Amino acid sequence: MYEIEMVLDAIKEGAVNPGDAVIKTGLPRYEVLALFHILEELDLIEPVYSKGSHKAFRLTKKGEEILEGLKKGYELHVFVKPNLIQG
């Protein structure tokens, strides 16, 4: 979970693309790209700019709350459960 905190922390300052996060965190590019996809699906980050394959992201309110909790030493648990409401 340390990598998630590192990436969220890299994004907290504003519009950041995955390449910027690689530089700020020192993590491998493939790992940062995977985390960006996961964090976007979890609604922890959102795109603020998109042109072609270039996207820049910022933290959502939920992302800010998760980062704050991780910095306090809280653990992050993600649960998957069936959707009981079917359309």
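Every chain begins its residue count from 1, and numbering advances along the sequence as written. Local features in this predicted model are restricted to residues of pLDDT 70 or higher, and side-chain atom pairs are both shown and tallied only at a pLDDT of 80 or more, whereas totals for entire chains, interfaces and linings draw on every residue. Here the side-chain values reflect all heavy atoms present in the structure, with hydrogen atoms and water set aside.

J.: When you look at the overall build of the protein chain in this model, what are you seeing that I'm missing?
T.: Secondary structure follows DSSP: runs of H or I at least 4 residues long count as helices, runs of E at least 2 residues long count as strands, and numbering of each begins at the N terminus. When its secondary structure is counted, the protein chain shows 4 helices and 2 strands. Along the protein chain, helices and strands appear, N-terminal first, in the series α-α-α-β-β-α. The buried share of the protein chain, reckoned over its 87 residues, is 33%. In this analysis, two residues are considered to be in contact whenever any of their non-hydrogen atoms come within 4.5 Å of each other. The long-range fraction of contacts in the protein chain, counting pairs at least 24 apart against all pairs at least 6 apart in sequence, stands at 45%. Buried means the residue's accessible area, taken with a 1.4 Å probe over protein chains only, is under 20% of the maximum for its type, while exposed means over 50%, and partly exposed covers the values in between.

J.: I keep staring at the side chain of T25 and nothing clicks. Help me out?
T.: Along the polypeptide, T25 turns up in helix 2 (residues 18–25). Reaching out from T25, the side chain makes a polar contact with the backbone oxygen of A21 at a distance of 2.7 Å. Separated by 3.1 Å, the side chain of T25 and the backbone nitrogen of L27 make a polar contact. Among residues more than four places away in sequence, those in contact with T25 are M6, V7, A10 and V32. Identification of polar contacts relies on pairs of N or O atoms within 3.5 Å, with a donor-acceptor requirement for protein atoms, meaning one able to donate a hydrogen and the other able to accept it, and with residues adjacent in sequence counted only if both atoms are side-chain atoms.

J.: Before we go on, may I ask you to explain the pattern of salt bridges in this structure?
T.: A side chain of one charge can pair with a side chain of the opposite charge when the charged atoms of the two come close. Any carboxyl oxygen of Asp or Glu that lies within 4 Å of a side-chain nitrogen of Lys or Arg is treated as forming a salt bridge with it. Taken as a whole, this structure holds 4 salt bridges when the rule is applied. D9 is paired through a salt bridge with K71; the nearest N and O atoms lie 3.2 Å apart. Note that D9 is positioned in helix 1 (residues 2–11) and K71 in helix 4 (residues 61–71), a separation of 62 residues in sequence. Linked through salt bridges whose partners overlap, the residues forming this network are D9, K12 and K71.

J.: How do you make sense of the layout of surface pockets when you look at a structure like this?
T.: Within this scheme a cavity is a closed region of a 1 Å grid, computed over the protein atoms alone, that accommodates a 1.4 Å probe without allowing it to escape, whereas a pocket is open but has protein on both sides within 12 Å along at least five of seven lines; lining residues each have an atom within 4 Å of a point. Grid points are joined across faces, edges and corners, and a volume is the space filled by probe spheres set on the points. Estimates place the volume of the largest pocket at around 230 Å³. Taken together, N17, P18, G19, R29, L33, F36, H37, E40, S53, H54, K55 and F57 make up the full set of residues lining the largest pocket. Of all the secondary structure elements, the ones that give two or more residues to the lining of the largest pocket are helix 2, helix 3 (29–41) and strand 2 (54–59). Broken down by class, the residue content of the lining of the largest pocket amounts to 4 nonpolar, 5 polar and 3 charged. All residues other than Ala, Val, Leu, Ile, Met, Phe, Trp, Tyr, Cys, Pro, Asp, Glu, Lys and Arg, Gly among them, are scored as polar; the first ten of these are nonpolar and the last four charged.

J.: Sorry if this is basic, but what is going on with the nonpolar core here?
T.: Here is a general trend for soluble globular proteins: nonpolar side chains tend to be buried in one another's company. In terms of nonpolar packing, the biggest core is built from 21 residues, with I4, V7, L8, I11, F36, L39 and I45 touching the most fellow members. The set of elements that each furnish at least two residues to this core consists of helix 1, helix 2, helix 3, strand 2 and helix 4. With 6 residues, the top contributor of residues to this core is helix 1. L39 has contacts with I4, V7, L8, L44 and I45, leaving out every residue within four places of it along the chain. To qualify as a nonpolar core, a set must consist of buried Ala, Val, Leu, Ile, Met, Phe, Trp, Tyr and Cys residues joined through side-chain atoms within 4.5 Å.

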